[in-house]
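Examining the three-dimensional arrangement
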Amino acid sequence: MKYEEAIERYDPVLGIEVHVELGTATKMFDAAPNSFGGGANENTTPVSLGLPGALPVVNEKGVEYAIRIGLALGCEIAQSCRFARKNYFYPDNPKNFQTSQFDEPIAANGGIDVELEDGQLVHVPIERAHMEEDAGKNTHVGGAGGRIHGADHSLVDYNRAGVPLVEIVTHPIEGTGRRAPEVAAAYVRTLRDIFKALGVSEAKMEQGNVRADINVSLRDSPDAPLGTRTETKNVNSFRSIERAVRFEIARQATLLAAGESILQETRHFHEDTGETSSGRVKSDAEDYRYFPEPDLVPVEPAREWVEEIRASLPELPAARRRRLIGEWGITELEMRDVINAGLLDPVEETVKLGASPAAARKWWTGEVARRAKQDERDPEDLVSPAQIAELAGLVEAGRLNDKLARQVLDGTISGEGSPAEVMAARGLEIVQDDGALEAAVDQAIADNPDVVEKIRGGKQQAIGALIGPIMKATRGQADAGRARELILARLG
């Protein structure tokens with residue numbers, strides 16, 4: 001069944017679980033480094049590996065980051081909470097249980113407003129945000145697409161085991177209708193932006209810092225009981241989230257329309273096809289045999305500490321976006337382009353240093369972003385806001401045009417100095433000497449009598465045919481506007 005027909009016949013309900021890896025220096029319960037990459041099993045300790053007799057200790061910074069997240073999401077912070085053992089066997093879980101939180105989370109009962117592309121706000125109710133640890137990573141060798149099916153053998157890397165996580169769980173998200181895929185992606189994007197603003201995580205989805213489990217169910221109408229849900233695991237891009245929701249809605253609708261039932265299960269999303277496939281039957285809480293972690297005391301954050309954290313929260317992304325749109329006089333779409341490029345911070349800093357908002361956006365989202373993609377580097381590794389502000393100032397002052405400014409930018413990125421230094425060293429400044437410019441204008445007029453005749457006949461658009469030779473004669477350093485003035489003056 002096509003998505004459009006499915007959404008006409010059934011009412012979708014979403015539930016989203018987002019895991020964010022916290023950017024602490026060490027892991028959640030031991031002193032092993034919390035860093036991305038490295039050789040297999042290098043970032044481990046006896047606690048990471050679940051060795052007998054190894055005892056965990058709670059990472060205070062991890063607790064602080066969890067509280068920051070909870071407060072930013074409008075949650076109540078627990079006066080007392082504790083960890084639990086979530087028991088299940090899997091090779092990347094060396095202890096045979098995950099240290100998590102069950103009935104006593106650090107934060108609960110919150111919610112955030114999610115803004116869609118057209119400005120519509122959707123409220124997403126949040127049930128809880130709880131602390132836990134990540135598992136390791138399995139690599140299956142020999143199977144198709146890295147899957148365990150058909151693999152010759154599997155390798156386990158415990159570098160990620162014990163990395164601090166916060167899991168944010170929503171209440172059922174109802175009333176989204178045909179915009180359910182868009183709402184799901186926008187919600188996760190909103191959380192990603194909040195994590196970055198709070199400074200609790202690098203929030204790089206491509207590195208697995210933020211992962212989303214997407215629950216989808218269908219019912220006959222908004223008044224009907226909730227349907228059976230499926231959970232698509234570890235979807236790690238906004239586009240994939242939208243595609244996964246669309247596919248699941250269409251797939252479930254096809255089954256329901258045929259009189260079949262939906263199996264409560266976990267599913268896997270396939271980037272190449274945009275489809276999901278069956279994983280395993282979904283376990284309920286009782287299947288994990290949760291019980292309180294006996295090796296860790298309850299966490300009881302002092303109210304004074306919680307209020308200190310609340311007072312230190314930065315301006316959140318939605319409020320910042322609205323403020324900057326007003327200050328810069330740009331549209332929502334223009335702001336979204338900056339945000340999607342991950343360039344809001346350098347653009348804002350460049351404006352603070354004196355560049356116009358238009359110039360700052362133009363250089364960062366244009367030439368700098370293009371060069372960064374070409375060189376496979378981060379834009380802010382290529383050039384600084386101060387350098388872009390200086391470059392924009394030289395253009396604004398009429399000392400560079402866009403073509404020359406791009407050459408200056410190349411030199412700055414190559415390490416030749418500041419924009420002003422590169423401009424001087426390469427001799428790229430626009431010709432300010434009217435004498436030299438007048439000579440180039442006179443030569444272009446003398447060499448192109450047919451063009452001159454057209455201009456004198458009233459076809460001023462023909463002036464462009466003279467500007468080219470003038471720019472060539474001045475090595476691109478002529479001020480095109482000034483050259484036009486001189487042409488008109490010469491020809492009366």
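Everything below is about the structure shown above.
Quick look at the structure, then. (Residues numbered from 1 in each chain as written. Predicted model: local features only at pLDDT ≥ 70, side-chain atom pairs only at ≥ 80, totals over all residues. Heavy atoms only, no water.)

Describing the overall build of the chain
Regarding its fold elements, the chain presents 17 helices and 14 strands. Taking 2.2 N^0.38 as the reference for a compact globule, 492 residues should give roughly 23 Å; the C-alpha atoms of the chain span a radius of gyration of 29 Å, well beyond that estimate. Residues classed as buried in the chain amount to 48% of the 492 residues present. Put simply, 67% of the contacts in the chain that link residues at least 6 apart link residues at least 24 apart. When the accessible surface of the chain is totalled, it reaches about 23400 Å², and 49% of it is carbon and sulfur. (Helix = DSSP H or I, 4+ residues; strand = E, 2+ residues; numbered from the N terminus. Rg over C-alpha atoms; globule rule 2.2 N^0.38 Å. Buried < 20%, exposed > 50% of the residue type's maximum accessible area, 1.4 Å probe, protein only. Contact = heavy atoms within 4.5 Å. Areas by Shrake-Rupley, 256 points an atom, 1.4 Å probe, with all protein chains shown as cover.)

Remarks on the pattern of salt bridges
Summed over the entire model, instances satisfying the criterion amount to 34 salt bridges. Across the salt bridge formed by Asp402 and Lys362, the nearest N and O atoms sit 2.6 Å from each other. Linking Asp402 in helix H12 (residues 402–413) with Lys362 in helix H9 (residues 357–375), this pair joins segments that are 40 residues apart in sequence. Among the residues examined, Asp402 registers a relative accessible area of 31% and is labelled partly exposed. (Salt bridge = Lys/Arg side-chain N within 4 Å of Asp/Glu carboxyl O.)

Side note on the packing of aromatic side chains
Summed over the entire model, instances satisfying the criterion amount to four aromatic pairs. Ring geometry for Phe102 and Tyr290: centres 4.0 Å apart, planes at 5°, overall stacked. Highlighted residues: Phe102 in the loop between strand E4 (97–100) and strand E5 (107–115) and Tyr290 in the loop between strand E13 (275–281) and strand E14 (291–292), separated in sequence by 188 residues. Residue classification places Tyr290 among the partly exposed residues on the basis of a relative accessible area of 22%. When the ring of Tyr288 is compared with that of Tyr290, the centres are 6.1 Å apart and the planes differ by 75°; the resulting orientation is edge-to-face. Counting every residue linked through ring pairs, the aromatic cluster contains Tyr88, Phe102, Tyr288 and Tyr290. When the ring centre of Phe238 is taken as reference, the NZ or CZ atom of Arg189 above it lies at 4.6 Å. (Phe/Tyr/Trp six-rings, centres within 6.5 Å; stacked < 30°, edge-to-face > 60°. Lys NZ or Arg CZ within 6 Å of the ring centre and 35° of its normal.)

Notes on helix H2 (residues 60–72)
If you check H2, its first and last C-alpha atoms are 19 Å apart, about what 13 residues at 1.5 Å a residue would give, namely 18 Å. Within H2, 11 of the 13 residues are buried, which leaves it mostly tucked inside the rest of the structure. The complete set of buried residues in H2 reads Gly62, Val63, Glu64, Tyr65, Ala66, Ile67, Arg68, Ile69, Gly70, Leu71 and Ala72. You can read the cap of H2 off the contacts: a side-chain oxygen lies 3.0 Å from the backbone nitrogen of Lys61, and it is on Asn59. Looking one or two places after H2, you find Gly74, whose phi comes out positive at around 75°. (Expected span 1.5 Å × (residues − 1). Polar contact = N/O pair within 3.5 Å; in protein donor to acceptor, adjacent residues only side chain to side chain.)

Focus on the packing of H9 against H12
It is the contact of H9 with H12, at a shortest axis distance of 12 Å, that shows an interaxial angle of 55°. Taken together, the axis directions place H9 and H12 in an arrangement best described as oblique. Along this stretch, H9 crosses H12, giving a crossing that reads as right-handed. Mapping the contact onto sequence places Lys362, Trp363, Glu367, Val368 and Arg371 in H9 and Asp402, Ala405, Arg406, Leu409, Asp410 and Ile413 in H12. Its residues placed into classes, the contact of H9 with H12 shows five nonpolar, no polar and six charged. (Axes fitted to C-alpha atoms, helices over the stretch in contact; angles between N-to-C directions. Parallel < 35°, antiparallel > 145°, perpendicular 65-115°, else oblique. Left-handed = near helix turned anticlockwise from the far one by under 90°. Nonpolar A, V, L, I, M, F, W, Y, C, P; charged D, E, K, R; others polar.)

Here's the deal with a negative patch on the surface
Together, Glu117, Glu242, Glu332 and Asp337 make up a region of like negative charge exposed at the surface. Inspection of the secondary structure puts Asp337 in helix H7 (residues 332–340). Residue Asp337 is classed as partly exposed on the basis of its relative accessible area, which comes to 44%. (Patch = residues over 30% accessible without salt bridge, like charges linked within 9 Å, V, L, I, M, F, W, Y side chains within 5 Å. Lys, Arg positive; Asp, Glu negative; His and termini not counted. Charge placed at Lys NZ, Arg CZ, Asp CG, Glu CD.)

Overview of the packing of H12 against helix H13 (residues 419–426)
With their axes 9 Å apart at the nearest point, H12 and H13 run at an angle of 110° to one another. It follows from the interaxial angle that H12 and H13 lie roughly perpendicular. In this structure, the crossing between H12 and H13 has a hand that is right-handed. Judged by residue contacts, Gln407, Val408, Asp410, Gly411 and Thr412 of H12 engage Pro419, Val422, Met423 and Arg426 from H13.

Quick notes on the pairing of strand E11 (residues 230–235)
Sheet analysis places strand E10 (residues 210–219) next to E11, joined by four bridges and oriented antiparallel. Counterpart to Val216 in the pairing with E11 is Thr230. Relative to strand E12 (residues 265–270), E11 runs parallel, the two sharing three bridges. In the sheet register, Thr232 faces E12, and the bridge partner there is Arg267. (Pairing = 2+ DSSP bridges.)

Some words on helix H3 (residues 180–198)
For H3, built from 19 residues, the straight-helix expectation of 27 Å at 1.5 Å per residue is met to within 8% by its first-to-last C-alpha distance of 27 Å. Taking burial as the measure, the 19 residues of H3 include 16 buried ones, the bulk of the element. Positive phi appears at Gly199, one or two residues downstream of H3, with a value of about 75°.

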